[in-house]
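# Report on the structure
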Amino acid sequence: KGVRSRLNAVGAPVDAWRVIADGIGQGIGISGPGATLLLTGPIYHSVQWVYTFGTLLNGSTVVVQPRFDAAAVLEDIDRHEVTHLHLVPTQMLRLLRLDESTRDAFSGASLRCAYHGAAPCPRWVKQAMIDWWGPILTEYYGGTEAGFLTTISSAEWMERPGSDGRPGPDVEVTVVDRG
């Protein structure tokens with residue numbers, strides 16, 4: 001799908017990019033030196049592009065993985081002291097399917113937040129990731145259209161498994177069908 005925004009159109013004022021980057025940095029907790037993002041997905045995907053763009057403009061470091069490799073993700077997190085990354089459920093499943101010795105060798109001490117979204121996540125996958133990495137996962141719903149519409153931390157999700165979280169401060173959610 002394609003979503004166009006006048007905020008980032010060719011010829012938009014440079015100040016518009018600064019506002020966008022500041023918003024991204026505040027939204028995902030990456031701003032300034034000391035934060036390192038691991039790019040684990042294709043840069044043409046909106047969330048990967050937005051994460052990278054916002055992180056760089058805010059003066060933080062981006063480590064690019066040329067293609068997703070579950071074992072290399074763990075190695076890169078530890079080697080580059082990655083603080084943030086974004087995963088989709090399929091990538092989380094591939095991480096969980098790594099052999100025990102590879103998983104046991106992973107420290108993850110630097111990791112502060114792993115955002116995930118872009119597709120529904122099976123409850124057992126999310127629970128297994130929280131059990132392994134601790135309560136650092138934050139799930140979001142929405143993205144391309146208008147940024148994160150709802151988010152839910154690991155702690156909130158543990159209280160309400162399966163929830164899509166709470167709407168952001170400028171978001172109004174209306175349920176039209178219990179479907």
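This is a predicted model, so every value here is computed, not measured.

Here the focus is the overall build of the protein. Along its length, the protein carries 7 helices and 7 strands. The N-to-C order of helical and strand elements in the protein reads α-β-α-β-α-β-α-α-β-α-β-β-α-β. A burial count over the protein gives 41% of its 179 residues as buried. Taking all contacts inside the protein whose residues are at least 6 apart in sequence as the whole, residues at least 24 apart take part in 66%. With the model as given, the accessible surface of the protein reaches about 10,600 Å², and the carbon-plus-sulfur share is 53%.

Inspection of every chain in the model, using the stated rule, returns 3 salt bridges. Between Arg-79 and Glu-75 there is a salt bridge, and its shortest N-O distance comes to 3.8 Å. Of the two residues, Arg-79 and Glu-75 both sit in helix 3 (residues 70-79), 4 residues apart, roughly one turn of that helix. By relative accessible area, Arg-79 is classed as exposed at 53%. Residues participating in the shared-partner salt-bridge network are Glu-75, Asp-76 and Arg-79.

With that settled, the discussion passes to the sheet that holds strand 5 (residues 137-141). With respect to topology, 7 strands assemble into an open sheet ordered 2-1-3-4-5-6-7, the strand pairing being mixed. At either margin of the open sheet sits one strand with a lone partner, and together these are strand 2 (61-64) and strand 7 (166-167). Direction of pairing for strand 1 (residues 36-39) relative to strand 3 (residues 84-87): parallel, over a ladder of 2 bridges. Paired with Leu-37 across the two strands is His-84, which belongs to strand 3. This element, helix 6 (residues 123-133), spans strand 3, strand 4 (113-116), strand 5 and strand 6 (150-153) of the sheet and lies at about 160 degrees to strand 3.

Applying the stated criterion across every chain yields a total of 3 aromatic pairs. Relative to Trp-132, the ring of Phe-106 lies with its centre 5.9 Å away and its plane at 70 degrees, an arrangement referred to as edge-to-face. Of this pair, Phe-106 sits in the loop between helix 5 (100-105) and strand 4 while Trp-132 sits in helix 6, placing them 26 residues apart in sequence. Taken as a pair, Phe-106 and Trp-132 share a single burial class, namely buried. Every member of this aromatic cluster is reached through a ring pair, and the members are Phe-106, Trp-132 and Trp-133. Of note, Arg-103 hangs over the ring of Trp-132, and the distance from its end group to the ring centre comes to 4.1 Å.

Cut-offs applied
- Residues numbered from 1 in each chain as written.
- Predicted model: local features only at pLDDT ≥ 70, side-chain atom pairs only at ≥ 80, totals over all residues.
- Heavy atoms only, no water.
- Helix = DSSP H or I, 4+ residues; strand = E, 2+ residues; numbered from the N terminus.
- Buried < 20%, exposed > 50% of the residue type's maximum accessible area, 1.4 Å probe, protein only.
- Contact = heavy atoms within 4.5 Å.
- Areas by Shrake-Rupley, 256 points an atom, 1.4 Å probe, with all protein chains shown as cover.
- Salt bridge = Lys/Arg side-chain N within 4 Å of Asp/Glu carboxyl O.
- Pairing = 2+ DSSP bridges.
- Axes fitted to C-alpha atoms, helices over the stretch in contact; angles between N-to-C directions.
- Phe/Tyr/Trp six-rings, centres within 6.5 Å; stacked < 30°, edge-to-face > 60°.
- Lys NZ or Arg CZ within 6 Å of the ring centre and 35° of its normal.

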